Amino acid sequence: MVAFDELFAQNHKITELSNVFLYLIKDRSMCDTDIACGVFFNYVEKVREHLEVVDKKMYKALLASPDQSVNNVADRFMAGSQEIKKIFSTYLKTWSKERTKDLVIMDYEAFVKDTEEMFNLVLDRIQRETEHLYPLVRKINKDAMNAA
C-alpha cells in the first residue's frame, strides 16, 4: 500500500529538485559541479521511484472498476507513463552518463531547452495526477488515506 501522504511527499521532492536544478543551470559554470550533478541524479532517482509507485499501486483499483470512464482514465495515465519513461530515457542518454553520474553537455543552449521541456513534462504529469488521478482513486477506495 502507498499512502497519499507519501505520494504528495514524492511530488514535493521532485518539484523542489526540479526548481533547484533549473535555477542552477541558468549559469553554465554550475552545470559541471558535483552539486548540480548530485541534484540532477537525485531528481532522476525520485522521478523513476514515483513513476514506479504510481504504475504499481494506483491503477489496479481503477482497472477493476466496472465504470468504463474510470478504466479509460487508468488507460490514459498508463499510456502517459510509458511515454514519459521513453522520453526520459532518451533525454538521459542524450545529456548524461548514468553509470558515472556525469552530465554531458556539448550544446549548453540545447541542454537547457531540453531540460526545461523534460522537467515541465514531469511537473505537468504530477499536476494531472494530483488533480485527476488521486481524487479518482480516493473516490473508488471510498476516500481512503491509502492509494492502494
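The shown structure was predicted, so the numbers you read here are calculated from the model rather than taken from an experiment.

A. Representation of the overall build of the chain in the model. Scanning the chain from N- to C-terminus turns up 5 helices and 2 strands. Going from the N terminus to the C terminus, the chain shows its helices and strands as α-α-α-α-β-β-α. Referenced to the eigenvectors of the C-alpha coordinate spread, the extents of the chain come out at roughly 55 × 25 × 25 Å. The buried share among the 148 residues of the chain stands at 40%. Taking as baseline every contact in the chain between residues at least 6 positions apart, the subset at least 24 positions apart corresponds to 74%. As displayed, the chain offers around 8,400 Å² of accessible surface, 55% of which is attributable to carbon and sulfur atoms.

B. Main features of the pattern of salt bridges. One pass over the structure, following the stated rule, counts 7 salt bridges. The salt bridge partner of Glu98 is Arg48, with a shortest N-O separation of 2.7 Å. Of this pair, Glu98 sits in the loop between strand S1 (96-97) and strand S2 (102-103) while Arg48 is found in helix H2 (residues 34-57), placing the two residues 50 residues apart along the sequence. Residue classification places Glu98 among the partly exposed positions, given a relative accessible area of 30%. According to the relative accessible area criterion, Arg48 is partly exposed, its value standing at 38%. Here Arg125 makes a salt bridge to Glu129, at a shortest N to O gap of 2.9 Å.

C. The packing of helix H1 (residues 4-24) against helix H5 (residues 108-140), seen in detail. Where H1 meets H5, the closest approach of the two axes is 11 Å, and the angle between their N-to-C directions is 165 degrees. With respect to each other, H1 and H5 are oriented roughly antiparallel. The handedness of the crossing between H1 and H5 is left-handed. Across the interface between the two elements, Phe4, Leu7, Phe8, Asn11, Ile14, Thr15, Ser18, Phe21 and Leu22 of H1 pack against Phe111, Thr115, Glu116, Phe119, Val122, Leu123, Ile126, Glu129, Thr130, Tyr134, Val137 and Arg138 of H5. Of the residues belonging to the contact of H1 with H5, the class tally is 13 nonpolar, 5 polar and 3 charged.

Reading the values: rules and limits
Residues numbered from 1 in each chain as written. Predicted model: local features only at pLDDT ≥ 70, side-chain atom pairs only at ≥ 80, totals over all residues. Heavy atoms only, no water. Helix = DSSP H or I, 4+ residues; strand = E, 2+ residues; numbered from the N terminus. Buried < 20%, exposed > 50% of the residue type's maximum accessible area, 1.4 Å probe, protein only. Contact = heavy atoms within 4.5 Å. Areas by Shrake-Rupley, 256 points an atom, 1.4 Å probe, with all protein chains shown as cover. Salt bridge = Lys/Arg side-chain N within 4 Å of Asp/Glu carboxyl O. Axes fitted to C-alpha atoms, helices over the stretch in contact; angles between N-to-C directions. Parallel < 35°, antiparallel > 145°, perpendicular 65-115°, else oblique. Left-handed = near helix turned anticlockwise from the far one by under 90°. Nonpolar A, V, L, I, M, F, W, Y, C, P; charged D, E, K, R; others polar.

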